[in-house]
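Secondary and tertiary structure notes
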Amino acid sequence: MKKIIILFSAMCFLLSCEDKFLDLEDLDSVTEQVYFDEPENFVDAANNFYRGLHSPQSTSGDGFDMITDFGTELNGYFQDYGQGLNTATDTDIYWNNGYSYIRTINTLLEKADEYVEKGYGEMSDISVPVAEAHFFRAYQHFRLLKRFGGVPIVTEVTNVDSDILYAPRNSRYEVIEQILADLDVAIADLPETATEEDLGKISSTAALAYRARVLLFEGTWEKYVGTTTDFEGSGTGGNSSAYIAEAVTAAKAVIDRNQYEIWNKNSDPSMENNSYRWLFTLEGADSNPGGYTKASNNEFIIQSIFDFDSGNRLGGGQFSQISEGRNAPTQIALDMYSTLDGLPIAKSSQFQGYATQSTQFINRDRRMWGNFGGSVIENGSRPIPVISNVNNSNLTAWKFVTWNKYRTVGTEAYNYPHLRYAEVLLTYAEALYERDGSISDADLDISVNIVRDRAGIAPLTNALVNDNGLDMLDEIRRERTVELYMEDNNHWNDIRRWDTAVDLLNNDIVGYVIEGSEYDTNPDLFDPSTAIYGYVEDYPSGVGPVKAVIIDPKSNRPYTRKNYLWPLPINETVINTNLVQNPQW
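Fair warning: this is a prediction, and the values are worked out from it, not measured in the lab.

What follows concerns the overall build of the protein chain. Each helix and strand in the protein chain was counted, giving 18 helices and 7 strands. If you take every contact in the protein chain between residues at least 6 apart in sequence, the share linking residues at least 24 apart comes to 73%. Working note: accessible area of the protein chain is about 21400 Å², and carbon and sulfur atoms make up 48% of it.

So this is what it looks like as structure tokens:
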């Protein structure tokens, strides 16, 4: 870690401490002397941690690419790490920021002990901000784990001469245990709910839902990836079965608390049977055709609360709309969406093929319309721009894009979800199947099928799977992929923990189908000379093997299991020679 001291302030960082939406300074500018002698000091200090929730708003230079699907097989915007072309760098902003936040968190926890020791008050006075600190220490360690694997665990305030600055890495198995221990404290000591003036704060239920996320991630990582990405000396895990079973329990506990629900307004004709489209841009009544405000949404469990009038949120700043073009889908992404009968397009008579760009949207999952349907109209076709390998796709993403120009780019104030109730339902189904090798229709009905109902597609049942030669685990994973497209617990994490990333990413990336489509016959829409990487002649589409354009060839993508983790920053391994680099880096 950087050998600098960052002094932490418990002072309010606004002119008024009464404002719910704290406009906080960057961590590296917080240099005031520390004072923690009143409970309010701890509350104000804990509010600072919310700025570390990784959202579309850049935080201390963090980009949005690490929490979205950029670089995966679903996205036409390529990244070197998705191609397997990234290299070790001197510094890594995610390493630096993670440990900067952890240091401020540990400062609060250290000052909490002093608060009692010096007789300022009792620990019960400050139990909530202390519990928030434990949650965020778990959150930051988990971010580091997902990127680097095992990392140094830091639970003390470090200075230039701290021994931990020169200590070896902890294994991923030790890091996970620390994360779970911190989450257990948060779950025990946080309020069960966070509503009204506390909306946006971490609750006990939110910490429990996050625990389910962590358990499923690590349980399946250990099951499918195992020790193959561990650095030398990591030891072994062996906790896969236990973690997966605990994920089932944690997710079901969230469900049983009955605090959250899927935001489904499909019965309102004005919502065009597509609540999913407007869920992510709820703001004022004019932000959607149904006149709903963000107050109607009880699906977001962990969220960043944005406010247009003040220009702030808990943690600081306004939402930054996610670029439509950068979220352009590949054909692989489009083909993931089921038809209304609940079947994959290759298995369904409802699929209408690719004659026009809009044809493939007919009879499809409403999430496909919600994410990309702004570029087409049902049962018809809008004019389509010329396609080339420069723009890769003629569709743009509409998720997180304000409706009807309600806000200009950069001033949006809809809340950003870090963890939704839909994810909890999908976690429960996946973990249950991973634990038992089966899932009952009754359990599907309290999980996956609630999500599918909003999407307008038929329920997932064992009969549907068995009668159509499907694989239940694949269908549960499909649901997760399309439901959480471009979101915080992103596809990047899933394809690595499932150990499918090598097959998916070390392969040709297909942009769109040519054979049998208007691109095949209309030179005004497609210039073959722009297909610089050629074609897949037998792309396995919804109408059988067809010719499709390659927008990034396998030869550009030497992606291997090595790329499941990023290399440790070179400067850190120079400062601390006890840090062992990740394999093959």
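Turning our eyes to something else, we now look at the packing of helix H6 (residues 204-224) against helix H11 (residues 421-436). Here H6 crosses H11 at 35 degrees, and the two axes come no closer than 10 Å. Note on packing geometry: the crossing formed by H6 with H11 is left-handed. Here Ala 209, Ala 212, Arg 213, Leu 216, Thr 220, Lys 223 and Tyr 224 of H6 come into contact with H11, specifically with Glu 423, Val 424, Thr 427, Glu 430, Ala 431 and Glu 434. Across the contact of H6 with H11, the residue classes tally to 6 nonpolar, 2 polar and 5 charged.

With that out of the way, let us pick up the pairing of strand E5 (residues 509-513). Here E5 lies mainly inside the structure; 5 of its 5 residues are buried. Where E5 meets strand E7 (residues 544-552), 4 bridges bridge the pair, whose relative direction is antiparallel. Bridge pairing in E7 links Val 513 to Ala 548.

What follows concerns empty space enclosed by the protein. Under the defined criterion, the tally for this structure stands at 10 cavities of 30 Å³ or more. Put simply, the largest cavity is a space of about 270 Å³. For the lining of the largest cavity, the elements supplying multiple residues, two or more each, are helix H4 (127-148), H6 and helix H16 (491-497). Tallied by class, residues from the lining of the largest cavity come to 9 nonpolar, 3 polar and 6 charged. The calculated volume of the second largest cavity comes to roughly 60 Å³. The wall of the second largest cavity is formed by Gln 331, Tyr 354, Thr 356, Gln 357, Gln 360, Tyr 512, Val 513, Ser 517 and Tyr 519. Residue composition of the lining of the second largest cavity, by class: 4 nonpolar, 5 polar and no charged.

What follows deals with a negative patch on the surface. Taken together, the side chains of Glu 515, Asp 520, Glu 537 and Asp 538 make up a negatively charged region of the molecular surface. Assignment of secondary structure puts Glu 515 in the loop between E5 and strand E6 (535-541). Looking at Glu 515, the relative accessible area reads 37%, which means it is partly exposed.

What follows covers the pairing of E6. Bridging between E6 and E7 involves 5 bridges; their strand directions are antiparallel. Residue Tyr 539 lies in a different strand from E7, and its bridge partner there is Val 546. Hairpin connection, E6 to E7: the antiparallel pair is bridged by 2 residues.

Turning our eyes to something else, we now look at H11. Taking 1.5 Å of rise per residue, the 16 residues of H11 would be expected to cover 22 Å, and the 23 Å separating its terminal C-alpha atoms lies within 8% of that figure. Of all 16 residues making up H11, 14 are buried, and the element is well covered by its neighbours. Once H11 finishes, Gly 437 follows within two positions and takes phi at roughly 75 degrees, a positive value.

Evaluation of the coordinates by the stated rule reveals 29 salt bridges. Several salt bridges converge on common partners, so that one network encompasses Glu 299, Asp 365, Arg 367, Lys 399, Arg 420, Arg 452, Arg 454, Glu 479, Glu 483 and Glu 487.

What follows deals with the nonpolar core. Counting 115 residues, the largest nonpolar core has Phe 135 and Ile 301 as its most contacted members. Non-local contacts of Ile 301, meaning those with residues more than four positions away in its chain, are made with Ala 206, Ala 209, Val 254, Tyr 260, Leu 419, Arg 420, Tyr 421 and Val 424.

Inspection of the secondary structure assignment puts Thr 402 in the loop between helix H10 (366-372) and strand E4 (416-420). A polar atom in the side chain of Thr 402 sits 3.4 Å from the backbone nitrogen of Arg 407.

In spatial order, the strands read E5-E7-E6; together these 3 strands make up an open sheet with antiparallel pairing. The sheet is open, and its two borders are formed by E5 and E6, each paired with just one other strand. The mean angle between the axes of side-by-side strands here comes to 55 degrees, regardless of whether they run parallel or antiparallel.

Attention shifts here to the confidence of the model for the protein chain. When pLDDT is low, close inspection of the predicted coordinates is not appropriate. Of all residues in the protein chain, 87% have pLDDT values of 70 or greater, and the mean over the chain is 88. When the criterion is pLDDT under 50, residues 1-33 qualifies, and its contacts beyond four places in sequence or with other chains add up to 88 contacts. Low pLDDT (under 50) marks residues 377-391, which in the prediction has 41 contacts with non-local residues, meaning those over four places away or in another chain.

Glancing now at the packing of aromatic side chains. The final tally for this structure, using the stated rule, is 33 aromatic pairs. Measuring from ring centre to ring centre gives 5.4 Å for Phe 42 and Tyr 115, while their planes differ by 80 degrees; the resulting arrangement is edge-to-face. Highlighted residues: Phe 42 in helix H1 (residues 39-49) and Tyr 115 in helix H3 (residues 93-117), separated in sequence by 73 residues. The class of Phe 42 is buried, set by a relative accessible area of 0%. A centroid spacing of 6.1 Å and a plane angle of 85 degrees characterise the contact between Tyr 337 and Phe 372, whose relative ring orientation is edge-to-face. You can see Tyr 337 sitting in the loop between helix H9 (331-334) and H10 and its partner Phe 372 sitting in helix H10, a full 35 residues away along the chain. Residue Phe 372 is classed as buried on the basis of its relative accessible area, which comes to 0%.

To continue, consider the side chain of Asp 335. Among the structural elements, Asp 335 can be located in the loop between H9 and H10. Here Asp 335 occupies a buried position and makes no salt bridge, while the nearest side chain of opposite charge, Arg 364, is found at 4.9 Å. When sequence neighbours within four positions are dropped, the list of residues in contact with Asp 335 reads Ile 345, Tyr 354, Gln 360, Arg 364, Arg 478, Tyr 539 and Ser 541.

The next subject is unusual backbone geometry. With a phi angle near 55 degrees, Asn 258 is a residue other than glycine that sits in the positive phi range. Structurally, Asn 258 is set in the loop between helix H7 (240-257) and helix H8 (275-279). Even without glycine at this site, Asp 499 takes up a positive phi of about 60 degrees. Locating Asp 499 in the fold gives a position in the loop between H16 and helix H17 (501-505).

The subject of this paragraph is the layout of surface pockets. Each pocket or cavity is described by its volume, and for the largest pocket that value is around 850 Å³. Every residue lining the largest pocket is counted, 26 residues in all, and those nearest its centre are Ile 332, Asp 335, Met 336, Arg 478 and Leu 504. Contributing elements (two or more residues each) for the lining of the largest pocket: helix H15 (472-483), H16, H17 and E6. If one sorts the elements of the lining of the largest pocket by residue count, H15 sits on top with 5 residues.

Thresholds, definitions, all that
All residue numbers refer to position in the chain's written sequence, counted from 1. Only residues with pLDDT of 70 or above have their local features reported here, since the model is predicted, and side-chain atom pairs are shown and tallied only from 80 upward, although totals for entire chains, interfaces and linings are computed over all residues. Side-chain metrics in this entry use all non-hydrogen atoms of the structure; hydrogen atoms and water are not considered. Numbered from the N terminus, helices here are DSSP runs of H or I no shorter than four residues, and strands are runs of E no shorter than two. Residue contacts are defined here by distance: any two heavy atoms, one from each residue, within 4.5 Å place the two residues in contact. Per-residue accessibility takes into account occlusion by the displayed protein chains alone, with areas from the Shrake-Rupley method and a 1.4 Å probe. To get an axis, fit a line to the C-alpha atoms, keeping to the stretch in contact for a helix; angles then go from 0 to 180 degrees between the N-to-C directions. Crossing handedness: left-handed means the near helix sits turned counterclockwise from the far one by under a right angle, and right-handed means the same turn made clockwise. Think of it as three bins: nonpolar holds Ala, Val, Leu, Ile, Met, Phe, Trp, Tyr, Cys and Pro, charged holds Asp, Glu, Lys and Arg, and polar takes everything else, Gly as well. Any residue under 20% of the maximum accessible area for its type is buried, any over 50% is exposed, and the rest in between are partly exposed; the area is computed with a 1.4 Å probe on protein chains only. At least two bridges found by DSSP between two strands are what make those strands a pair. Of the grid points, spaced at 1 Å and generated over the protein atoms alone, those admitting a 1.4 Å probe that cannot get out make up cavities, while open sets with protein on both sides within 12 Å along at least five of seven lines make up pockets; any residue with an atom within 4 Å of a point is treated as lining. Grid points are joined across faces, edges and corners, and a volume is the space filled by probe spheres set on the points. Nonpolar side chains (Val, Leu, Ile, Met, Phe, Trp, Tyr) within 5 Å and like charges within 9 Å form the patches, drawn only from residues with over 30% relative accessible area and no salt bridge. Here, a salt bridge means any Lys or Arg side-chain nitrogen found within 4 Å of an Asp or Glu carboxyl oxygen. Only four residue types enter the tally: Lys and Arg on the positive side, Asp and Glu on the negative side; His and the chain ends are excluded. Charge positions are represented by NZ for Lys, CZ for Arg, CG for Asp and CD for Glu. Expected helix span is taken as 1.5 Å per residue step, with the number of steps being one fewer than the number of residues. Grouping buried Ala, Val, Leu, Ile, Met, Phe, Trp, Tyr and Cys residues that are joined through side-chain atoms within 4.5 Å yields what is termed a nonpolar core. Here a polar contact is recorded for every N or O atom pair within 3.5 Å, except that within protein the pair must consist of a potential hydrogen donor and a potential acceptor, and residues adjacent in sequence are included only if both atoms are side-chain atoms. Each residue carries a pLDDT value, the predictor's own confidence for that position, ranging from 0 to 100. Only the six-membered ring of Trp is used, alongside the rings of Phe and Tyr, when aromatic pairs are assigned; centres must lie within 6.5 Å, and planes under 30 degrees apart are stacked while those over 60 apart are edge-to-face, with the rest tilted.

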